[in-house]
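One-letter residues, chain by chain:
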Amino acid sequence: MRFGGMVVSALCTAARWSAAGGEAVFVQDGKVVDLVCLEAEAPWREEEAAVVLRHSSAIVYGGRAPAGGDVRIRLRLAVDRLAGSAATVVIGDGNHFGLEGAHGGMFLSGPLFAGARLRREPPEAIRDGRVFDLIIERRGGRLSFALAGEKLLEVADGRPEFGCIGLRPWRASLRLYEFSAECEAFQETEEAMEEQLAQRALWREQARIPLVDLSRETNRHVIVAAGTEAVYQGHPTTALLEDGRTLFAVWTIGHGGSCGPSARSDDGGMSWTRIDERMPESWFQARNCPSIYRLIDPEGRERLWVFAAQGPAGPMPRIVSEDDGQSWREVPPVGFPCVMTFSSVLRLRGGAYLGMYHAGRDRRAG
């Protein structure tokens, strides 16, 4: 199916459901019954009596969306490579119940969970690829989540429609054995997402961003820091000095992990030297997606700035170099609560800078 220019790939066979209400079955006995994905190719396959989901960004939805009222979702699944995977269960538009994030704990994201906290490690019963049941239930305006028989969360849910139910594997591999929903009425997932799909198509049409794929041009690749099966080198950003040849790169260990890793190139990126030891000791306690910028103050003095999302002294910590990266010092944090720090900093006509960052849906910008 095609909605608003986006491809919807759906596989539907012998679904047991009722538009007026009852039960909708999406996966049964490890076989696909009714799943939908917004990718051109469905990121699942059936193997060893399970539906296996592996994809870094795709969300796989049940083919029917509960329309409203009381709802009960049942999933029987197992998670391989759970640690730091950011695998989530998705409800409606942008609400994520996270099984384990970069910091080793469960997490919540989206307006449905505004003000709620889930500060705990995943239960042992869902680790190491063990099969477990996840029950999501809405009764009388309260939404609860139970993992392997343990109730972990309950929040208020006054939404008139429940919305689509999906799974996002991210860096994990999910094995689905059962996936079903019970409610008073259903609608097609594609219909429930029509407005969302149309909005995304509009953004894509308005942006018209050209795509340049260098992934296969290996002769142009330079490895700055090689990852391993156990070490994820992630979220790099770079800054170029005025000479057009001196480059700096900063990144984290792990998804949204600790800052500190950094490197310098004096030949336009053809070779690199690690400079971690130049960073302030406290900087290794900062976390999540550091970004580096070369900024010029009103007197014309250049500085290199690195910002991160969280730190022991407060939100949006930062360090600065006033000698082209030879030495660095920490200064007081910016103080803006955020999910990610400045992803873009633009110089305005008067010489001031405009910084844009991810404050989060349930946060107000500083």
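Analysis parameters
- Residues numbered from 1 in each chain as written.
- Predicted model: local features only at pLDDT ≥ 70, side-chain atom pairs only at ≥ 80, totals over all residues.
- Heavy atoms only, no water.
- Helix = DSSP H or I, 4+ residues; strand = E, 2+ residues; numbered from the N terminus.
- Salt bridge = Lys/Arg side-chain N within 4 Å of Asp/Glu carboxyl O.
- Buried < 20%, exposed > 50% of the residue type's maximum accessible area, 1.4 Å probe, protein only.
- Core = buried A, V, L, I, M, F, W, Y, C linked by side-chain atoms within 4.5 Å.
- Contact = heavy atoms within 4.5 Å.
- Pairing = 2+ DSSP bridges.
- Phe/Tyr/Trp six-rings, centres within 6.5 Å; stacked < 30°, edge-to-face > 60°.
- Lys NZ or Arg CZ within 6 Å of the ring centre and 35° of its normal.
- Expected span 1.5 Å × (residues − 1).
- Arc of directions from axis to C-beta.

1. Observations concerning the environment of Cys 183
Here is step 1 of the chain: By the element assignment, Cys 183 lies in strand E19 (residues 173-183).
Here is step 2 of the chain: For Cys 183 and Asp 70, which are 113 residues apart along the polypeptide, the C-alpha to C-alpha distance reads 5.9 Å.

2. What to know about unusual backbone geometry
Here is step 1 of the chain: Here Ala 148, not a glycine, exhibits a phi torsion of approximately 50°, which is positive.
Here is step 2 of the chain: Along the chain, the position of Ala 148 falls in the loop between strand E16 (142-147) and strand E17 (150-156).
Here is step 3 of the chain: For Trp 170, which is not a glycine, the phi torsion comes out positive at approximately 55°.
Here is step 4 of the chain: One can find Trp 170 in the loop between strand E18 (165-168) and E19.

3. As for the pattern of salt bridges
Here is step 1 of the chain: What the rule picks out here adds up to 25 salt bridges.
Here is step 2 of the chain: Between Glu 47 and Arg 45 there is a salt bridge, with the nearest N and O atoms lying 2.4 Å from each other.
Here is step 3 of the chain: Of the residues examined, Glu 47 reaches a relative accessible area of 25% and is grouped as partly exposed.
Here is step 4 of the chain: The exposure class assigned to Arg 45 is partly exposed, which follows from its relative accessible area of 44%.
Here is step 5 of the chain: Residues joined in a network through salt bridges with shared partners are Asp 297, Arg 301, Arg 303, Glu 322 and Arg 329.

4. A few points about the nonpolar core
Here is step 1 of the chain: Judged by nonpolar contacts, the single largest core of 48 residues is most densely connected at Phe 97 and Ile 136.
Here is step 2 of the chain: Leave out the neighbours within four places in its chain, and Phe 97 touches Ala 87, Thr 88, Val 89, Met 106, Phe 107, Leu 108, Phe 113, Leu 118, Phe 145, Leu 147 and Leu 153.
Here is step 3 of the chain: Within the second largest apolar cluster, 15 residues are counted, among which are Val 250, Met 279, Ile 319 and Trp 328.

5. Considering the sheet that holds strand E23 (residues 262-265)
Here is step 1 of the chain: Spatially, four strands are ordered E21-E22-E23-E24 in an open sheet, and the strand pairing comes out antiparallel. Two strands close off the open sheet at either side, each with one partner strand: strand E21 (233-240) and strand E24 (273-274).
Here is step 2 of the chain: Across six bridges, E21 lies against strand E22 (residues 247-253) in antiparallel orientation. Directly across from Gln 233, in E22, lies its bridge partner Ile 253.

6. Looking at the packing of aromatic side chains
A ring pair, where both rings are aromatic, is described by two values, the distance of the centres and the angle of the planes.
Here is step 1 of the chain: Under the criterion given, the structure shown has nine aromatic pairs.
Here is step 2 of the chain: A centroid spacing of 4.8 Å and a plane angle of 70° characterise the contact between Phe 26 and Phe 179, whose relative ring orientation is edge-to-face. A residue pair is termed long-range when its members are at least 10 positions apart, and Phe 26 in strand E4 (residues 22-28) and Phe 179 in strand E19 qualify at 153 residues. Of the two residues, Phe 26 and Phe 179, both sit in the buried class.
Here is step 3 of the chain: Arranged with centres 5.0 Å apart and planes meeting at 90°, the rings of Phe 307 and Phe 342 form a pair that is edge-to-face. Of this pair, Phe 307 sits in strand E26 (residues 302-307) while Phe 342 sits in strand E29 (residues 340-347), and the two are 35 residues apart along the sequence.
Here is step 4 of the chain: Following the ring pairs from residue to residue traces out a cluster consisting of Tyr 293, Trp 305, Phe 307, Phe 336, Phe 342 and Tyr 357.
Here is step 5 of the chain: A cation over a ring is seen here: Arg 171 above Tyr 232, with NZ or CZ 5.7 Å from the ring centre.

7. Some points on helix H2 (residues 194-207)
Here is step 1 of the chain: Under the 1.5 Å per step criterion, the end-to-end length of H2 is 20 Å for 14 residues, consistent within 8% with the ideal 20 Å.
Here is step 2 of the chain: Burial in H2 covers these residues: Gln 196, Leu 197 and Ala 201. When H2 is viewed along its axis, its buried side chains cluster within an angular range of 135° and face the same direction. With respect to the buried face of H2, the exposed residues turned more than 90 degrees away are Glu 195, Trp 203 and Gln 206.
Here is step 3 of the chain: Phi turns positive one or two residues past the end of H2, at Arg 208, with a value near 45°.

8. With respect to the pairing of strand E30 (residues 353-358)
Here is step 1 of the chain: As defined by bridge partners, E29 adjoins E30 across six bridges and the pair is classed as antiparallel. Paired with Arg 347 across the two strands is Tyr 353, which belongs to E30.
Here is step 2 of the chain: Hairpin connection from E29 to E30: five residues lie between these consecutive antiparallel strands, with Gly 351 at a positive phi of about 100°.

Worth remembering: the numbers are spatial, not functional.
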